[in-house]
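Analysis of the macromolecular model
Chain residues, written in single-letter form:
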Amino acid sequence: MKKFRKVLDGLTTSSPVNPGGSPVCGSAAGTPSTALTPRELEIQETLMSEHFQICKTVRHGFPYQPTALAFDPVQKILAIGTRSGGVRLLGRPGVDCHCQHESGAAVLQLQFLINEGALVTACADDTLHLWNLRQRRPAILHSLKFNRERITFCHLPFQSKWLYVGTERGNTHIVNIESFVLSGYVIMWNKAIELSTKTHPGPVVHLSDSPKDEGKLLIGFESGTIVMWDLRAKRADFRIYYDEAIHSVSWHHEGRQFMCSHSDGSLSMWNLRNTAKPFQVTFPHGKTQRDGRKESCKPILKVEYKTSRNSDAFVVFSGGLSYDKAGRRPTLTIMHGKAITVLEMDYPIVDFLVLCDTPYLNEVQEPYAVAVLLEKDFVVVDLSQSNFPIFENPYPMDIHESPVTCTAYFADCPPDIIPVLYSIGAKHKKTGYSHKEWPLRGGTWTVGSQTYPEIIITGHADGSIKFWDATAITLQMLYKLKTSKVFEKPKSGDVGRSAELVEEDPYAIQMINWCPQSRIFCVVGISAHVILYRFSKHDANTAITSLEVRLQCEMEDVISPSDTENTPCFSDPSGLSPQPQPPSPRSHTPDSVRDSIPRLKVKDRTIRMPPGYQAELVVQLLWVDGEPPQQITSLDLNSAYGLLALGNCNGLAVVDYLQKTILLCMNTLELYGSADPFQRLTRSPRKNRQSTSDFCMRGLSNFYSDSKKRIRTSYQSLTELSDNQVSLDPERSKSPTSAPYTPSLHNDPRGTGEPVSNLRSCHYSPVFYLLDNVKGPGRKLSLPTDLKTDLDHVNGHCTSPTSQPCPTGRARVLGGTEGPRLARRGAGRPPFRKAQSAACMEVSLPVSSLTEGYPSRRAMLQQLHGVSMYSHDEHHITTYSWSERESRDNSFSRSRSSSVSSIDRETKEAVTTLQFAESYGCKSDTLPTPCLWVGTSLGLVLIIPMSIPMDEQERQEDPVTVAPTGTVLMLKSSVLRFAFLDCGGALINSPYEVWRDQHVPDVPDRPRKRKLVNFSPSSSQEASGDGHLAVVCSEKQAKVFFMPSQACLFVHNITESSFVLRADVVSVCNSVCLACFCANGHIMTLSLPSLRPLLDVNYLPLTDMRIARTFCFTNGGQALYLCSPTEMQRITYSQEMCDNLQEMLGELFTPIETPEAQNRGFLKGFFGGNTQNFDREELFGEAAAGKASRSLAQHIPGQGGLEGMKAAAGGVVGELARARIALDERGQRLGELEERTALMMSSADTFSKHAHELMLKCKDKKWYQF
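This part takes up the overall build of the protein chain. A tally of helices and strands in the protein chain yields 18 helices and 70 strands. Accessible surface computed for the protein chain: about 51,200 Å², of which carbon and sulfur atoms make up 51%.

Here you go:
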């Protein structure tokens, strides 16, 4: 336990500020800044590096891009393979395991060793893997890499240790499962077919042994050739040559006939007595045309033929529909006797399996269900009922029902919240499911001893919100909320530009803010709107209050000689509303001002709201003079204060949701007042907006159509996101610092008539919208590289104002009455600012280009595209060269330096984070008061004190006073997170209101009052008079300030070459720490308050922006992120949870006795053949078949059960873990050696004893008596 001494009292001034804008503090962790030391306070930090270790816990959701399916009929376990090399194992609820091949090769086929606790996977890199499932974390035991042939099909007979492997060349190899080596027995393709055949039969597409005789192997080739191979005689019994290609083969359980599916949509039945031609050919979905021919049909990709003892046989197949019906959905057809049932699926069918109880192929199968694997769903159909209903899926396979746009993770929630949400959500569940038990019942799982309530919230592109119960590493949906019900549906009859510019996903969720104690829920939408919900157990008929906020920055004009007044341009006085004002009526914003583009219209009538979360207030940002509202980048609410704060690239707004009024609406510059630390570039008022807006513009429908397409195919690469864009000019490869400027941009805009035609733009990615440089002569500007002008998207937040989507090609000429309105919008702005939509974050970036050495997001994309990066704003066009390091420390800094000339300044900065807290607004304060902490994209922190009435009646009537004081703290780069500690190092929780149901009638004797917790603006001196610590984390560094003196006690530079994507102050092991996730994949934890590094592990490279948008930490040492568009990965960075993880996971394998084979009877066995006399070992063993060629395949031994632990080891804790593993292995070997020594000694004693007895017995015998 280490003690840190800190200077807290007697500091009346903050640390001096260096020219770079950062307080002079030691950059090394644990080094306090120099100051007077009148009194010292000792804080004991209990967290050490041994308390942290990174480990994956569980993966939820649907396996992304599935490829294969397998089922163990005895263990009742199902396996799904994916294109990325993943294997998902599913059993009863709670038994859900994810495995990953290190190669990442696609899984082609899966084969269970039935009731053996093992699985064979065949991958696209021509490697076979044997997985051990008899442990909670499956591991590879053996691998076999084929060097000269490509694997196409595998078959493993029941209770056999020999695996048949078909290849692309048409050969069939045999692998011993126990040793995982090839047998010398090979079925060559030229021996399988007749010598007279002149063409190659094609790859092997099917292998199966005959149910009647295991010594006969049926081989199906792609060309339509079928061979029955006698394994004993090593020759073909018969050969079938069919005109149509074969896709699959299925046997009748008696082994006398089989069925094939073909590429022409037909099913052919073959009898072994006559193989000259099929005895039946059917086209299930092909109709006979007038000329007598069958209409062409799609291929039947798979067929299964299963018999039933008490009914007709089942024939189940996928595909086979006729081509003439375009647009039909994929189908699964079930033929039961004469009845044909066609089940339409929402997605293409990848694979399906008919589930049967018996593992024996020569018995009546008795199918009871069909497991259907779709591209984006998993369905199980009940065959025991005539209407074929589906089973209710207990796994969370519908996370991606609408693309996930943001996530939130809450651990240690109030214990009553989960049952309440479940009871409300259960009323809205779908019906019509099968009443039978879920057929996948394998494995065992019990709730661990160390469990606490956990809730995960996901926001989606369609505006829906899902609450998930994540307790004990499971995931079950509790409740679903649709935010779109708050708004009126857009009218289909709208024409013109209004209809043209309607968003396709206007309700997509950007941010989530939830207070579990007060149950107040707040969401931010893509259309620059905020919805506040309250929870109620009763339905209600209420009207939704709508507030309209004019949050617009007026400093956007281009510098020109005619507008060179040095007058600071502040926003319209009407935009500043320090006093409460009533909600703005909708009629106050005429369509002519908003350019006839309506925003989302809130329902203005009384509506019935069901129990659950009920909308109370909607805050919307308005169009101003034809300018679209910027997206909201930060949000915070406090239930005790009754306040809601939101910010974007233009400024800050504070809303009193109890009185339904706007308290504050200011742009960021006005918040500083005279305390602005920067020399801003002043702008003149907008006098001639039309003359400076000769830029190209793109309609929202065109911009969003391709974004909508990308969200549906989120696995596209980054280069695919720039499709249909203008190619780069050769001049784009030049340094942007030498890019010439168009004279009209810095001189009289009316001097030239060509700027419109000269401007072109490109949409490089949904993260950055970059403007091409302007051709033509002009002066050159060389700007420092430490200016931040790019649009940063961190965890779904837009943190900079300067990037807009730009169109391709030439600008269209504005004409008529539409021209002036559109021209006021400014250069290159779309009618609706959509810098980050729900679709825009589905980006794939190469791993190698994002691991190290990129100081910013803009620099990352510069390296990816090989082009220069540009920043575009209405009032200024600036080019930057991130390759030229011009700053003092030769490193990129996102914060602005006060020494840079004002001409290089941009006037807008984004509000990136907000936090309500009990704090000190200025240095002279002696007691904490309600404050709002504001962090900006320039690394500045502003503290805004507020005066809130204490009495409940006064709170409802008297106004809340908000007074910005100009208090400023400074950090490097964009501010991400605030947290507050007391002088003992404990986390100070924000005040909150205890939940009360608003729609429960009050009892006259006991009126319901607001009950506030931790709300003490003038509390005792003992609790708060000594001040507190403020933890501030930005994208580059973390600082700890002492309040109210604002002295910087500790500072730690988190990263120099990368930037922090997500930072949270979390509780771990009864203490708190700062957890950070960086863009280079590093997960770090820092002690508090000393900021001492505890963990730094290169865990997860930022392969796509989906991770950055969804990664979040929570208490208890847990975190999660969206690892694919359909899957959610949970991890832990706590050593304690890693140690207890084995207890929390489910068991995949349970000892079950293999069912006995049915007694076939004497006559049936005599006339039907005997299958028990076939000895595969005698045929395929090394003694009979010899050894296979070493060059054909290479055996790779697996690492067994230690693989999971070794893979999880990393960093300092990893070294300890590896040392512990080595000691365990050494101890295990010593134990085995001791056991072997004891066994040898016992054997020697036994041998000596027996020898002595034999000697005594034979001592007196004569030689002839032996």
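Let us keep going from here.
So, about the environment of T965. Structurally, T965 can be placed in the loop between β55 (961-962) and β56 (967-970). Each C-alpha atom, one on T965 and one on G921, is 7.1 Å from the other, the two residues being 44 residues apart in sequence.

Read across the open sheet, the 4 strands follow the order β42-β43-β44-β45; overall the sheet is antiparallel. Two strands in the sheet have a free side with no partner beyond their single neighbour: β42 (632-638) and β45 (661-667). Adjacent strand axes in the sheet meet at a mean angle of 10 degrees, parallel and antiparallel pairs treated alike. For strand β44 (residues 651-656) and β45, the ladder comprises 6 bridges, and the chain directions are antiparallel. Within β45, the residue paired with A653 across the bridge is C665.

What follows deals with the pairing of strand β24 (residues 300-306). Along β24, 6 of the 7 residues are buried, which leaves the element largely enclosed by surrounding structure. Two elements, β24 and strand β25 (residues 314-319), share 6 bridges in a ladder whose sense is antiparallel. Across the sheet, residue E304 finds its bridge partner in β25, namely V316.

With that settled, consider the packing of aromatic side chains. Applying the stated criterion to the full structure yields 26 aromatic pairs. Geometrically, the ring pair formed by F391 and W438 is edge-to-face, given 6.3 Å between the ring centres and 85 degrees between the ring planes. Residue F391 is found in the loop between β30 (378-382) and β31 (404-411), and its partner W438 is found in the loop between α2 (417-426) and β32 (454-460); the two are separated by 47 residues along the sequence. For the residue pair F391 and W438, the accessibility class agrees, reading buried in each case. Here the aromatic rings of F535 and Y613 are separated by 5.2 Å at their centres, their planes lie at 65 degrees, and the arrangement is edge-to-face. Residue F535 is located in strand β37 (residues 529-536), and its partner Y613 is located in strand β41 (residues 612-621); the two are separated by 78 residues in the primary sequence. As far as burial versus exposure is concerned, F535 and Y613 are alike and both buried. Three or more aromatic residues link up through ring pairs in this structure, and these residues are F410, F467, Y479, W514, F521, Y533, F535, Y613 and W995. Between the NZ or CZ atom of K302 and the centre of the ring of F352, over which it lies, the distance is 5.3 Å. Over the face of the ring belonging to W995 we find R519, whose NZ or CZ atom lies 4.0 Å from the ring centre.

Hydrogen bonding along the main chain pairs the strands of a sheet, whether they run parallel or antiparallel. With respect to topology, 4 strands assemble into an open sheet ordered β12-β13-β14-β15, the strand pairing being antiparallel. The outermost strands of the open sheet, each flanked by one partner alone, are β12 (151-155) and β15 (181-187). Averaged over all pairs of adjacent strands, the angle between strand axes in this sheet comes to 30 degrees, irrespective of strand direction. Bridge count between β12 and strand β13 (residues 162-167): 4 bridges; the pairing is antiparallel. Bridging across to β13, I151 finds its partner in T167.

In this section: the state of the cysteines. Summed over the entire model, instances satisfying the criterion amount to 0 disulfides. The thiol sulfur of C931 is not disulfide-bonded, and the nearest other cysteine sulfur, from C922, lies at 8.8 Å.

Here we come to a negative patch on the surface. Judged by side-chain charge, D951, E954, E957 and D958 come together as a negatively charged surface patch. Within the secondary structure, D958 is located in the loop between α10 (952-957) and β55.

Moving on, we come to α2. When we look at burial in α2, the residues that qualify are I417, I418, V420, L421, I424 and G425. Buried residues of α2, viewed axially, fall in a sector of 165 degrees; they line one side.

With that out of the way, let us pick up the nonpolar core. If you look at the biggest cluster of nonpolar residues, it comprises 35 residues, and the most contacted ones within it are I457, F467, F521 and Y613. Sort the elements by how many residues they give to this core and α2 lands first, with 5 residues. Once residues within four sequence positions are removed from consideration, I457 is found in contact with C406, T407, A408, F410, I465, K466, F467, I512, W514 and F521.

A few words on helix α13 (residues 1135-1144). All of the buried residues along α13 are Q1135, M1137, C1138, N1140, L1141 and M1144. Between the side-chain oxygen of the N-cap and the backbone nitrogen of E1136 there are 3.3 Å, and the N-cap of α13 in question is S1134.

Moving on, we come to the pattern of salt bridges. Applying the stated rule across the entire model yields 34 salt bridges. Note that R1176 and E214 form a salt bridge whose closest N and O atoms lie 3.6 Å from each other. A residue pair is termed long-range when its members are at least 10 positions apart, and R1176 in helix α15 (residues 1176-1180) and E214 in the loop between β16 (204-209) and β17 (216-221) qualify at 962 residues.

Along the chain, G166 turns up in strand β13. Separated by 14 residues in sequence, G166 and T152 have C-alpha atoms that sit 5.7 Å apart. Beyond its immediate stretch of four places on either side in the chain, G166 contacts R150, I151, T152, F153, N171, T172, V204 and L207.

Positionally, K56 belongs in strand β3 (residues 52-61). Counting along the chain gives 1064 residues from K56 to L1120, while the straight-line C-alpha distance between them is 9.5 Å. Ignoring anything within four residues of it in the chain, the contact list for K56 reads R137, Y1099, Y1121, Q1129, R1130, I1131 and L1141.

Another point: the pairing of strand β36 (residues 520-525). When you tally the buried positions in β36, you get 6 out of 6 residues, the bulk of the element. With burial as the criterion, each face of β36 is covered, one bearing I520, C522 and V524 and the other bearing F521, V523 and G525. Summarising the sheet, strand β35 (residues 509-515) and β36 pair through 6 bridges and their orientation is antiparallel. Its bridge partner being in β36, I512 is matched across the sheet by V523. Adjacent in sequence and paired antiparallel, β35 and β36 are bridged by 4 residues, among which R519 carries a positive phi angle near 60 degrees. By the bridge criterion, 5 bridges tie β36 to β37 in an arrangement that is antiparallel.

Thresholds, definitions, all that
- Residues numbered from 1 in each chain as written.
- Predicted model: local features only at pLDDT ≥ 70, side-chain atom pairs only at ≥ 80, totals over all residues.
- Heavy atoms only, no water.
- Helix = DSSP H or I, 4+ residues; strand = E, 2+ residues; numbered from the N terminus.
- Areas by Shrake-Rupley, 256 points an atom, 1.4 Å probe, with all protein chains shown as cover.
- Pairing = 2+ DSSP bridges.
- Axes fitted to C-alpha atoms, helices over the stretch in contact; angles between N-to-C directions.
- Buried < 20%, exposed > 50% of the residue type's maximum accessible area, 1.4 Å probe, protein only.
- Phe/Tyr/Trp six-rings, centres within 6.5 Å; stacked < 30°, edge-to-face > 60°.
- Lys NZ or Arg CZ within 6 Å of the ring centre and 35° of its normal.
- Disulfide = S-S within 2.5 Å.
- Patch = residues over 30% accessible without salt bridge, like charges linked within 9 Å, V, L, I, M, F, W, Y side chains within 5 Å.
- Salt bridge = Lys/Arg side-chain N within 4 Å of Asp/Glu carboxyl O.
- Lys, Arg positive; Asp, Glu negative; His and termini not counted.
- Charge placed at Lys NZ, Arg CZ, Asp CG, Glu CD.
- Arc of directions from axis to C-beta.
- Core = buried A, V, L, I, M, F, W, Y, C linked by side-chain atoms within 4.5 Å.
- Contact = heavy atoms within 4.5 Å.
- Polar contact = N/O pair within 3.5 Å; in protein donor to acceptor, adjacent residues only side chain to side chain.

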